[in-house]
Amino acid sequence: MLGKLSRQHPPLGTIWIIIIALIGLSIIPSRLMIARHLAPQPEAVLVLGGGTGREEAAAQLAQHYPSLMIWVSSGRSPQDIYAIFQSASVSTTRLHLDYRATDTVTNFTTLVPELKQHQIQHVFLVTSDFHMPRAQAIATVVLGSQGIAFTPVAVGTNEPQEPVIQIARDVCRSIVWLLTGRTGASLRQQLLFLPNEILDNS
């Protein structure tokens, strides 16, 4: 005969983590709304490196917005990037090249302090079309939590859309960053038990 089943309650620390996460996520929409109100037009260009045509698209965008600074996160070599912008008659003094990011989550987390230091509240977000849903999901958590809005600029490709589970994984990592300041980059394979082929560096 089975004994009485006892109901297991989650540890108090876990409950507080969940509460803090929910509070943090709940303020993101209002912070994005405020950022768009204060800066209805983008004030900078943020390029996520790693895909063909992204820097070229950013250079074309920069031609139309000559006052905007451009941040390129882990893109091509500096020589190649400078050549792309010079050929588009865009001054390289507007460029900020950063190579600290190792994946999409860290594309955002490494540059947030610089964007805030420059008081940027709205950016053009440039990446490939197949990559844009994941980039927007991460940006909503990482940039939105810091009061930075974004306007997506998708570069057309023939690549298939990324799987939803890959987006979910990086949203989880973004929430971990929001709570702890760490991106969980070393835990990418363990998160959601994803196979290696889904664990990209883009």
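Residues numbered from 1 in each chain as written. Predicted model: local features only at pLDDT ≥ 70, side-chain atom pairs only at ≥ 80, totals over all residues. Heavy atoms only, no water.

Observations concerning the nonpolar core
Here's step 1: With 21 residues, the main nonpolar core has L46, F108, L115, V123, L125 and L143 as its most contacted residues.
Here's step 2: Secondary structure elements with two or more residues in this core: β1 (44-48), α5 (104-109), α6 (112-117), β4 (122-128) and α7 (132-145).
Here's step 3: Among the elements that take part in this core, α7 stands out by supplying 6 residues, more than any other.
Here's step 4: Excluding residues within four positions of it along the chain, L125 makes contact with L46, L48, F108, M132, A135, Q136, A139, F150, T151, P152 and V153.
Here's step 5: Ranked by size, the runner-up nonpolar core spans 18 residues in total, among them A62, F124, V126 and V155. (Core = buried A, V, L, I, M, F, W, Y, C linked by side-chain atoms within 4.5 Å. Buried < 20%, exposed > 50% of the residue type's maximum accessible area, 1.4 Å probe, protein only. Helix = DSSP H or I, 4+ residues; strand = E, 2+ residues; numbered from the N terminus. Contact = heavy atoms within 4.5 Å.)

Quick look at the pairing of strand β3 (residues 95-98)
Here's step 1: In terms of strand pairing, strand β2 (residues 69-73) meets β3 through 4 bridges, oriented parallel. Paired with W71 across the two strands is H96, which belongs to β3.
Here's step 2: For the crossover that starts at β2, traverses helix α4 (residues 78-87) and ends in the parallel β3, the hand is right-handed. (Pairing = 2+ DSSP bridges. Right-handed = clockwise from strand over helix to strand, strands pointing away.)

A short note on the pairing of β4
Here's step 1: Counting buried residues in β4 gives 7 out of 7 residues, a clear majority hidden from the surface.
Here's step 2: As paired elements, β4 and strand β5 (residues 149-155) share 7 bridges and run parallel to each other. Within β5, the residue paired with T127 across the bridge is A154.
Here's step 3: Between the parallel elements β4 and β5, the chain passes through α7 in a crossover that is right-handed.

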